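Residue-level listing of the chains:
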Amino acid sequence: MLLSTAHNRDRGFTLTESLIIIVIIGLLTAIAIPSFFALLNNKKVENALVRVEWALKEAQRESIKNSKNCVVTIPAGVDQQLTSNCLASSDWSIQAINITRPTSLATLTFDFKGRINTPGNQGIIVLSLPDGSGPQKCLAISTGIGLMRTGNYDGSNCNTSQ
């Protein structure tokens, strides 16, 4: 008789145990979701930064390879399309990201040596989410040799030390 009572207790979880497990899973999910969305937003901005940098570097390479000037237009605002007379791919759209840049960087021209040959074309391109939340990434461009560095934007400077 004692043996049959022990078997009745081992049938599964009680309602209270199941509710406790559901509450614990709910709390862990509530803690993890904001971190997950922050990670997604960070990756979205980083991806856009890589696309802008890649487009500029491809135009720079093409100008050297073909010994001709390559012009890249970088529009400011949200959902923009980078255009160039040298880029092989036509899809250089930057979706759901805000691009901020000085007016001197609206158009960059790389000469046949890959240099940015327009005086005053140096500055910082800042990429961020349209609502201003999340990380701000930047691309610092220097005249002369056409040096480009990426980093985190702190509101006034592009911190490129990594």
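Residues numbered from 1 in each chain as written. Predicted model: local features only at pLDDT ≥ 70, side-chain atom pairs only at ≥ 80, totals over all residues. Heavy atoms only, no water.

**Describing helix α2 (residues 15–66)**
Stated formally: Numbered from the N terminus, helices here are DSSP runs of H or I no shorter than four residues, and strands are runs of E no shorter than two. Multiplying one less than the number of residues by 1.5 Å gives the expected span of a helix. A residue's bend is simply the angle between two axes: one fitted to the seven residues ending at it, one to the seven starting at it.
The end-to-end C-alpha distance of α2 is 73 Å, a good match for the 76 Å that 52 residues give at a rise of 1.5 Å each. By the largest-angle criterion, A32 marks the main kink of α2, which is about 30 degrees, and a proline, P34, follows within four residues. A positive phi of about 50 degrees marks S67, the residue just after α2.

**Notes on the sheet that holds strand β5 (residues 107–110)**
Worth spelling out the cut-off: Criterion used throughout: strands pair if DSSP finds at least two bridges between them.
Reading across from one edge, β3-β1-β5 is the order of the 3 strands in this open sheet, with antiparallel pairing throughout. Here the strands that pair on one side only, and so sit at the sheet edges, are β3 (83–84) and β5. Examined bridge by bridge, strand β1 (residues 70–73) and β3 share 2 bridges and lie antiparallel to one another. Paired with V72 across the strands is S84, a residue of β3.

**A look at the nonpolar core**
The criterion, for reference: We call a set of buried Ala, Val, Leu, Ile, Met, Phe, Trp, Tyr and Cys residues a nonpolar core when their side-chain atoms join them within 4.5 Å. The rule is simple: take the accessible area with a 1.4 Å probe, protein chains only, and divide by the maximum for that residue type; under 20% is buried, over 50% is exposed, in between is partly exposed. Contact definition: two residues touch when any of their heavy atoms are within 4.5 Å.
Counting 27 residues, the largest nonpolar core has L56, I94, I125, L127, L139 and I141 as its most contacted members. Elements with a contribution of two residues or more to this core: α2, β1, β4 (93–100), β5, β6 (123–128) and β7 (137–141). The biggest single contributor to this core is α2, with 7 residues. Setting aside chain neighbours within four positions, we find I125 in contact with I74, I99, T100, R101, L105, K137, C138, L139 and I141.

**Digging into the pairing of β7**
When you tally the buried positions in β7, you get 5 out of 5 residues, the bulk of the element. Side chains K137, L139 and I141 project from β7 onto one buried face, and the interleaved C138 and A140 project onto a second face that is buried too. Pairing of β6 with β7, which is carried by 5 bridges, proceeds in the antiparallel orientation. Within β7, the residue paired with I125 across the bridge is L139. Of the pairings in the sheet, the one linking β7 to strand β8 (residues 148–153) comprises 5 bridges and is antiparallel in character. Looking at the pairing, I141 lines up with M148 of β8.

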